[in-house]
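# Inside the fold
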There are 2 protein chains.
Amino acid sequence: MRKLLIALAVLAAPVSAQDKPAVPSPSEIVAAAPKGDWTAIAASDLLVMELAPPDQSPGQASAKGRPRRVVIQLMPPPFSQGWIGNIRKLAAAQWWDGLSVNRVQDNYVVQWGDAAGEDKAKAKALPESLAVVPEGEYTTAHGITLQRAAALRLRQFPLDPYAPNAALLDGWPIGYDTKSQWPVHCYGMVGVGRDMPPDTGSGAELYLVIGHAPRHLDRNIALVGRVIEGIEHLSSLPRGTGALGFYETAEERMQILSLRLGSEVPGLPAFEVLWTNTISFARYANARANRRDPFFIRPAGGADICNIPVPVRRVK
Amino acid sequence: MRKLLIALAVLAAPVSAQDKPAVPSPSEIVAAAPKGDWTAIAASDLLVMELAPPDQSPGQASAKGRPRRVVIQLMPPPFSQGWIGNIRKLAAAQWWDGLSVNRVQDNYVVQWGDAAGEDKAKAKALPESLAVVPEGEYTTAHGITLQRAAALRLRQFPLDPYAPNAALLDGWPIGYDTKSQWPVHCYGMVGVGRDMPPDTGSGAELYLVIGHAPRHLDRNIALVGRVIEGIEHLSSLPRGTGALGFYETAEERMQILSLRLGSEVPGLPAFEVLWTNTISFARYANARANRRDPFFIRPAGGADICNIPVPVRRVK
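A short tour of the structure in this document, coming up. Keep in mind that this is a model prediction, so the values were computed, not measured. (Residues numbered from 1 in each chain as written. Chains lettered and ligands numbered in written order. Predicted model: local features only at pLDDT ≥ 70, side-chain atom pairs only at ≥ 80, totals over all residues. Heavy atoms only, no water.)

## Observations regarding the pattern of salt bridges
Residue and element names in this part refer to chain A. Per the counting criterion, the structure on display carries 20 salt bridges over all chains. Salt-bridge contacts for Glu50 lead to Arg69; the nearest nitrogen and oxygen are separated by 2.6 Å. On the criterion of sequence distance, the pair formed by Glu50 in strand β2 (residues 46-51) and Arg69 in strand β3 (residues 69-74) is long-range, its members being 19 residues apart. Judged by its relative accessible area of 18%, Glu50 is buried. Here Arg239 makes a salt bridge to Asp106, at a shortest N to O gap of 2.7 Å. (Salt bridge = Lys/Arg side-chain N within 4 Å of Asp/Glu carboxyl O. Helix = DSSP H or I, 4+ residues; strand = E, 2+ residues; numbered from the N terminus. Buried < 20%, exposed > 50% of the residue type's maximum accessible area, 1.4 Å probe, protein only.)

## Side note on the pairing of strand β10 (residues 206-209) of chain B
All names here are of chain B. Of the two faces of β10, the one carrying Leu206 and Leu208 and the one carrying Tyr207 and Val209 are both buried. Here strand β5 (residues 109-113) runs beside β10; their pairing, made up of four bridges, is antiparallel. By the bridge assignment, Val109 is partnered in β10 with Val209. Relative to β10, strand β9 (residues 189-192) runs antiparallel, the two being bridged by three bridges. Within β10, the residue paired with Gly191 across the bridge is Tyr207. (Pairing = 2+ DSSP bridges.)

## Digging into the state of the cysteines
Residue and element names in this part refer to chain A. With the rule as written, the count across this model stands at two disulfides over all chains. Disulfide partner of Cys186: Cys306, at an S-S distance of 2.1 Å. Disulfide Cys186-Cys306: torsion about the S-S bond near -75°, hence left-handed. Of this pair, Cys186 sits in the loop between β8 (181-183) and β9 (189-192) while Cys306 sits in the loop between α6 (279-289) and β14 (312-314), and the two are 120 residues apart along the sequence. In this pair, the class of Cys186 matches that of Cys306, namely buried. (Disulfide = S-S within 2.5 Å.)

## Remarks on empty space enclosed by the protein
Overall, the coordinates contain five cavities of 30 Å³ or more when judged by the stated rule. By volume, the largest cavity is sized at about 210 Å³. What lines the largest cavity is a set of 24 residues, and nearest its centre among them are Pro161, Tyr162 and Asp304 of chain A together with Pro161 and Asp304 of chain B. (1 Å grid on protein atoms, 1.4 Å probe; cavity = no way out; pocket = protein on both sides within 12 Å on 5 of 7 lines; lining within 4 Å. Points joined across faces, edges and corners; volume = space filled by probe spheres on them.)

## Thoughts on the relation of the copies chain B and chain A
Superposition of chain B onto chain A requires a rotation of 180° combined with a translation of 0.0 Å along the rotation axis, giving an RMSD of 0.0 Å. In symmetry terms, the pair is related by a two-fold rotation axis. (Least-squares fit on C-alpha atoms with pLDDT ≥ 70 in both.)

## Description of the interface of chain B and chain A
At the junction of the two partners, chain B supplies 55 residues and chain A supplies 55 residues. Taking both partners together, chain B and chain A bury about 5100 Å²; carbon and sulfur atoms supply 57% of that area. On the chain B side of the contact with chain A, His212, His216 and Phe295 of chain B bury the most area, a combined 15% of that side's loss. At the junction of chain B with chain A, the criterion picks out zero salt bridges. Our enumeration of links across chain B and chain A arrives at 21 residue pairs in polar contact (both at pLDDT 80 or more). Tallied by class, residues from the side of chain B that touches chain A come to 23 nonpolar, 15 polar and 17 charged. (Contact = heavy atoms within 4.5 Å. Buried area = accessible area lost by both parts, 1.4 Å probe. Polar contact = N/O pair within 3.5 Å; in protein donor to acceptor, adjacent residues only side chain to side chain. Nonpolar A, V, L, I, M, F, W, Y, C, P; charged D, E, K, R; others polar.)

## Quick notes on the sheet that holds strand β1 (residues 38-41) of chain B
Two orientations exist for strands paired in a sheet by backbone hydrogen bonds: parallel and antiparallel. All names here are of chain B. In spatial order, the strands read β1-β13-β14; together these three strands make up an open sheet with antiparallel pairing. Both outer strands of the open sheet, β1 and β14 (312-314), are each paired with one neighbouring strand and no more. For this sheet, the mean inter-axis angle between neighbouring strands, taken without regard to orientation, is 35°. (Axes fitted to C-alpha atoms, helices over the stretch in contact; angles between N-to-C directions.)

## Observations concerning the side chain of Ser180 of chain A
Structurally, Ser180 of chain A is set in the loop between β7 (172-176) and β8. Look past the residues within four positions of Ser180 of chain A in its chain and what remains in contact with it is Thr139, Thr140, Ala141 and Gly175 of chain A.

And the structure:
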């Protein structure tokens, strides 16, 4: 008992900033996560986009000679599978090859597809048999039961202004209520451009979120995945000067050399995700919401769902 | 009575998407705001940064020939005035001229100042008489009384995970509790780089938020303003490949030609802000949180404080 009291006294002793025991940062927790807390991402669930080579300008010297490859992970069932089926067909048909990035709107989105899309006469023909997906598919009735939610302590973000409940579940940020669940618009998420409702888009026009989470788009547009590597090749593109950030001339558009399913790309590295239902992830999320590593003087005591990005890494 | 019933029947009649009465979008509400709802920003509260001319690469054709000017609005009292006083002295001393943008970390910050800052022997000397600002100044005890909060219905963002209360007040996004208030880290906000605590930074190293709001930095670092024009010249810079997004070579750094107080820049256009305590702003904020313009099928019914950017415009 005496020993225990001494131990407690040591723990409770005031410490100066210099003496503070080092509390691991979120990235240190991720780096220390055991192999078993990571889950492999199948190559067939990846899209690989190769952009035109970097220009040779002085301002872009850092990119010189390195490939401009963007890797996107597609969402698993039950989310957005109608659009994702179309995207698999479009990639198999090499439909995006030779098309371009046509829109970059600051603090919002980068969008790519057919620049002639608005002009039916000049637009590139879509593969046959693409599904027309109904608006009802923006959410899914499959998934989380209230029992499961309780069991997994899913109400991780009780102060979410956009959804009754929000959680990082099975590797993805989602909102949910008692009847349905849906993916949410965080930085790095990829969605399907569309015209006015009831159009829902085919999947041929895709956009990437490159700004503060535009959560007002949740349940209004389909999300199909997220960029897991190379986002800087898209997020650092010059902003378009036309309405909504569209480029005004053909010269401004970054060309897409190819866009393929990962399973068709020779030599693609393997990737894995820190699984959200692990102790390591819980520690990481807690550390993000309560920063106590040495740089911080006041932990926030909370976080929003888009400020806890799900860690993804290359397998060495 | 019969007339009233008929009118109600008409209002209640189902309408197709085509027939839907047009509900104004947030930007349409801003465009229609009367002159009196806008407040002038004094030129002496602006910083004007001129960056090196755009390179002539094909990928940056849209920027060709146009100036790379970034305009920053400094925060008014009672916020961060110790650092802002230093920044005014640094600008008057033309201290940043010839220095550079040294760090661009994706989904986080752009940072500028003295690239040799870590090396005391090579670092550029700071003007004398810069204040050393204590950590207590990250928040301010001045400001909102509970009575005023109630009167202005300030609890606009009851679901904020980072602050007991959050509001768009007097033109700025702030968090507050019963004792103090503080600016919050939204996209476009500008803050003061610092070393480990208790250092608070002088104001010579500045950073700009270019990603999802890093609200965990609130009350841990000083915020001093926001970019009101030209943010794309910083947010689209190539990301640095060193630790924390620092550039690894001198060639990658974008040079700062000059950084001046707005009152010292001849011919600077006048800017004004849509004042937050107006009916127009309330309508705009409500429309952002409940999108009913034709593109949307499901209003979110809420928003976070960083997803309602305060509108600023050039005076024509």
